[in-house]
Amino acid sequence: MSDRIFIGKDTDGKVQELLLNKANRHGLIAGATGTGKTVTLQILTEGFSKAGIPVFCADVKGDLSGLSQAGSTRHKLHDKLIARAEKIGLSDYSYSAMPVIFWDFYAKQGHPVRTTITEMGPTLLARLMNLTEAQEGIMTIAFELADDENMLLLDLKDLRALLNYLVDNKDEIGRKYGNVTSQSVAAIHRKLLTLERAGAEGFFGEPALKLKDLMRVHEGTPDSDGDAETLSLEDLDGAHMKGRGVVSILAADDLINLPSVYPTFLLWLLSELFEELPEVGNPDKPKMVFFFDEAHLLFDEAPKALVDKIEQVARLIRSKGVGIYFVTQNPSDIPDSVLGQLGNRIQHALRAYTPNEQKSIRAAASSFRENPNLDTEEVITDLGVGEALVSLLDEKGVPGIVGRTLIRPPASRLGPVTKAERKAVMKDSPVGGKYDTPNDRESAYEELAARDQAAAEAAEAARKAEEKAEHAEGKKQTQSRQRKTPSSRKKRSTRKKDNVIMEQIKYEGKLFMRREGRRILRGILGAMMRR
């Protein structure tokens, strides 16, 4: 197996080859639309796959799906491809397919790609939803609380439930973690709604994507057609692919319309690779190669902290054996701090119609190691389709002298696959059935719902207990009043009798006074009469 990838031959007659032991020093493929960037990406992918290196790439236009099919003599460009191969001295040129796994964010053109909220983390989620600093702080509080409470955050409904819990308990949580405001949480809810409407809800959940399924090497297919007695063409194709790195192709033609979701997902993938892979130093060849098409989307309006994070990942992940290749229209799309990490460069034609574009061309030309036989700045605008300025790292890790290079033709198909071909590839996929059915196990949503239900049941039990206690107290008071009633009646009866006696005494007293008064009066009158 070769230790290098044939890229093409330059006008000085030098063969441009990418050394595999320098491939993890990252790279850049740049050029205007229609200049051949996708074909360059395709031939690099083929080279890595043939060397047994797994590759991940995003298929923005659908053309990369052709990697799963061998080129054909019936293709309209067959004669031109053969002529190009002969012109650059590619004597062993032949058509062949690469082992491919199709993936799709929306599960339409490939196996679904999922991750969990926990794995994404608060920083990337904040980037995904374009949160303010205050809102990102609340997101961080939510994740800290989930960790402390051992709650799983798997999908968007888990995150929504946790945010509602923060608001309902904001005073208590604020004392421990920091201030939580209802307004900020409401703003996060609105941005979650936007994500859901964009179709991102299906991206979060389980089964989550396992990195080992992106780092496969084809094991060969000794009996592809199911007939063990005869050796068929399918069997030969399977044996031919044995040892090749599997190419994972993410269908991104719809995903690219979500300018925050697409780069955030790819950045998450890089972060996962960085965290999970062991240190390997300077390997003979990369453990995996990662192509980042439309790379400008990653850096558009990105805060400095995120750019610093990308620079750190690019600088350190090469020691994990991962090579990152940014694909974009203009090198100026990449911040200088990241651009400085990219050792292998392939520059297709650029167009200069404005002063800013002319300035970019001068900057791109000056980034190459000078070739005395070329006016690099002039050549950049003069390159044809399938031509590029190429500068690759040599054995000492020094950028090679730039050369105007004819890029080799691909071995796989130029152009997209048909629906039937895609379906056939997915049918034979080594991960078939593993990710197709979502799994919604118990997580934060169910746990918080159970807490709410338990709290509601406890409150209802307390209410019933209070009602029962009030009922018992009322009954007790009633019985007490009933016990007191006879003595009260007795007292009232006694008072009534006393009143009758007093009335009788008063009556008898009045009669006595009347009688005695009349007797005295008669006595006085009688005495007066006798006188």
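Placed above this text is the structure.
Residues numbered from 1 in each chain as written. Predicted model: local features only at pLDDT ≥ 70, side-chain atom pairs only at ≥ 80, totals over all residues. Heavy atoms only, no water.

Details of the packing of aromatic side chains
And then number 1: Tallied over the entire structure, the rule returns 16 aromatic pairs.
And then number 2: Taking 6.3 Å as the distance between ring centres and 50° as the angle between the ring planes, the aromatic pair formed by Phe 48 and Phe 291 counts as tilted. Within this pair, whereas Phe 48 is found in helix 1 (residues 37–50), its partner Phe 291 is found in strand 8 (residues 288–292), the two being separated by 243 residues in sequence. Like Phe 48, the residue Phe 291 is buried in the burial classification.
And then number 3: Directly above the ring of Tyr 106 sits Lys 108, whose terminal nitrogen or CZ lies 5.8 Å from the centroid. (Phe/Tyr/Trp six-rings, centres within 6.5 Å; stacked < 30°, edge-to-face > 60°. Helix = DSSP H or I, 4+ residues; strand = E, 2+ residues; numbered from the N terminus. Buried < 20%, exposed > 50% of the residue type's maximum accessible area, 1.4 Å probe, protein only. Lys NZ or Arg CZ within 6 Å of the ring centre and 35° of its normal.)

Observations concerning the pairing of strand 11 (residues 387–391)
And then number 1: The buried fraction of strand 11 amounts to 5 of the 5 residues, a majority that puts the element mostly inside the structure.
And then number 2: Side chains Glu 387, Leu 389 and Ser 391 of strand 11 all project onto a buried face; the interleaved residues Ala 388 and Val 390 project onto the opposite face, where all are buried too.
And then number 3: Relative to strand 11, strand 10 (residues 344–347) runs antiparallel, the two being bridged by 3 bridges. Bridged to Gln 347 within strand 11 is Leu 389.
And then number 4: Sheet topology places strand 11 next to strand 12 (residues 403–407); 4 bridges connect them, and they run antiparallel. In the sheet register, Val 390 faces strand 12, and the bridge partner there is Gly 403. (Pairing = 2+ DSSP bridges.)

Details of unusual backbone geometry
And then number 1: Following Glu 206, the chain continues to Pro 207 via a peptide bond in cis, the omega torsion being 0°.
And then number 2: Relative to the elements of secondary structure, Pro 207 occurs in the loop between helix 7 (182–197) and helix 8 (233–241).
And then number 3: You will see that Asn 150, though not glycine, has its phi angle at about 55°, which is positive.
And then number 4: Along the chain, the position of Asn 150 falls in the loop between helix 4 (133–148) and helix 5 (156–168).

Overview of the sheet that holds strand 6 (residues 111–112)
And then number 1: In space, the 12 strands of this open sheet follow the order 2-1-12-11-10-3-9-8-4-7-5-6, with mixed pairing throughout. At either margin of the open sheet sits one strand with a lone partner, and together these are strand 2 (15–19) and strand 6.
And then number 2: Both strand 4 (residues 55–59) and strand 8 contribute to a ladder of 3 bridges, which runs parallel. If you follow Cys 57 over to strand 8, its bridge partner there is Phe 291.

Observations regarding the pattern of salt bridges
And then number 1: Within this structure, the stated rule accounts for 17 salt bridges.
And then number 2: The residue Arg 315 makes a salt bridge to Glu 311 at a minimum N-O spacing of 3.8 Å. Taken as a pair, Arg 315 and Glu 311 lie in helix 11 (residues 304–317) at a separation of 4 residues, close to a single helical turn.
And then number 3: The salt bridge involving Arg 413 is made with Glu 421; its shortest N-O contact spans 2.8 Å.
And then number 4: Three or more residues are tied together by salt bridges with common partners; here these are Asp 3, Arg 4, Glu 17 and Glu 395. (Salt bridge = Lys/Arg side-chain N within 4 Å of Asp/Glu carboxyl O.)

Notes on the side chain of Arg 127
And then number 1: On the secondary structure map, Arg 127 appears in helix 3 (residues 117–129).
And then number 2: For Arg 127, a relative accessible area of 17% gives the class buried.
And then number 3: A polar atom in the side chain of Arg 127 sits 3.4 Å from the backbone oxygen of Leu 297.
And then number 4: Here Leu 298 takes part through its backbone oxygen, which lies 2.9 Å from a polar atom of the side chain of Arg 127. (Polar contact = N/O pair within 3.5 Å; in protein donor to acceptor, adjacent residues only side chain to side chain.)

Details of the nonpolar core
And then number 1: In this structure, Leu 125, Tyr 262 and Phe 326 are the most contacted members of the largest nonpolar core, which totals 84 residues.
And then number 2: For this core, the element with the most residues is helix 9 (residues 261–276), which contributes 9 residues.
And then number 3: Discounting residues that sit within four places of it in the chain, Tyr 262 has contacts with Ala 58, Val 60, Ala 252, Leu 255, Ile 256, Phe 292, Asp 293, Glu 294 and Leu 297.
And then number 4: Residues Leu 44, Val 55, Ile 407 and Val 417 belong to the second largest nonpolar core, which totals 32 residues. (Core = buried A, V, L, I, M, F, W, Y, C linked by side-chain atoms within 4.5 Å. Contact = heavy atoms within 4.5 Å.)

Some details on the environment of Ile 7
And then number 1: Looking at the secondary structure, you find Ile 7 in strand 1 (residues 4–10).
And then number 2: Distance from Ile 7 to Ile 43, taken between C-alpha atoms, is 7.6 Å for residues 36 residues apart in sequence.
And then number 3: In this structure, Ile 7 is in contact with Gln 16, Glu 17, Leu 18, Ile 43, Leu 44, Ile 346, Leu 392, Leu 406, Ile 407 and Arg 408, ignoring residues within four places of it in sequence.

As for the side chain of Arg 345
And then number 1: Along the chain, Arg 345 turns up in strand 10.
And then number 2: Despite its burial, Arg 345 pairs with no opposite charge, the nearest such side chain being Asp 336 at 8.0 Å. (Lys, Arg positive; Asp, Glu negative; His and termini not counted.)

Concerning the environment of Val 60
And then number 1: Among the secondary structure elements, Val 60 is positioned in the loop between strand 4 and helix 2 (78–87).
And then number 2: Its relative accessible area of 13% is what places Val 60 among the buried residues.
And then number 3: Residues Val 60 and Leu 250 lie 190 residues apart in sequence; the distance between their C-alpha atoms is 8.4 Å.
And then number 4: Setting aside anything within four residues of it in sequence, one finds Val 60 in contact with Ala 252, Asp 253, Ile 256, Tyr 262, Asp 293 and Glu 294.

Brief notes about the pairing of strand 10
If a strand is regular, its side chains alternate between the two faces of the sheet.
And then number 1: Of the two faces of strand 10, the one lined by Asn 344 and Ile 346 and the one lined by Arg 345 and Gln 347 are each fully buried.
And then number 2: Looking at chain direction, strand 3 (residues 27–30) and strand 10 are connected through 4 bridges and run parallel. Each bridged residue has a counterpart across the sheet, and for Leu 28 the counterpart in strand 10 is Arg 345.

Some details on the packing of helix 4 against helix 5
And then number 1: Two numbers describe how helix 4 lies on helix 5: the axes approach to 10 Å, and their chain directions differ by 100°. Classified by the angle their axes make, helix 4 and helix 5 are roughly perpendicular. On helix 5, the residues touching Ile 138, Met 139, Ile 141, Ala 142, Leu 145 and Ala 146 of helix 4 are Leu 159, Leu 162, Leu 163, Tyr 165 and Leu 166.
And then number 2: Looking at the contact of helix 4 with helix 5 residue by residue, the classes come out as 11 nonpolar, no polar and no charged. (Axes fitted to C-alpha atoms, helices over the stretch in contact; angles between N-to-C directions. Parallel < 35°, antiparallel > 145°, perpendicular 65-115°, else oblique. Nonpolar A, V, L, I, M, F, W, Y, C, P; charged D, E, K, R; others polar.)

A short note on the packing of helix 3 against helix 9
And then number 1: Between helix 3 and helix 9, the least distance of the axes is 10 Å, while the angle of their chain directions is 150°. Considering their axes alone, helix 3 and helix 9 lie roughly antiparallel with respect to each other. Considering only the axes of helix 3 and helix 9, their crossing is right-handed. Of the residues in helix 9, those in contact with Glu 119, Met 120, Leu 124, Arg 127 and Leu 128 of helix 3 are Val 261, Pro 263, Thr 264, Leu 267, Trp 268 and Glu 272.
And then number 2: Considered class by class, the residues forming the contact of helix 3 with helix 9 number 7 nonpolar, 1 polar and 3 charged. (Left-handed = near helix turned anticlockwise from the far one by under 90°.)

The analysis is restricted to geometry; functional conclusions fall outside its scope.
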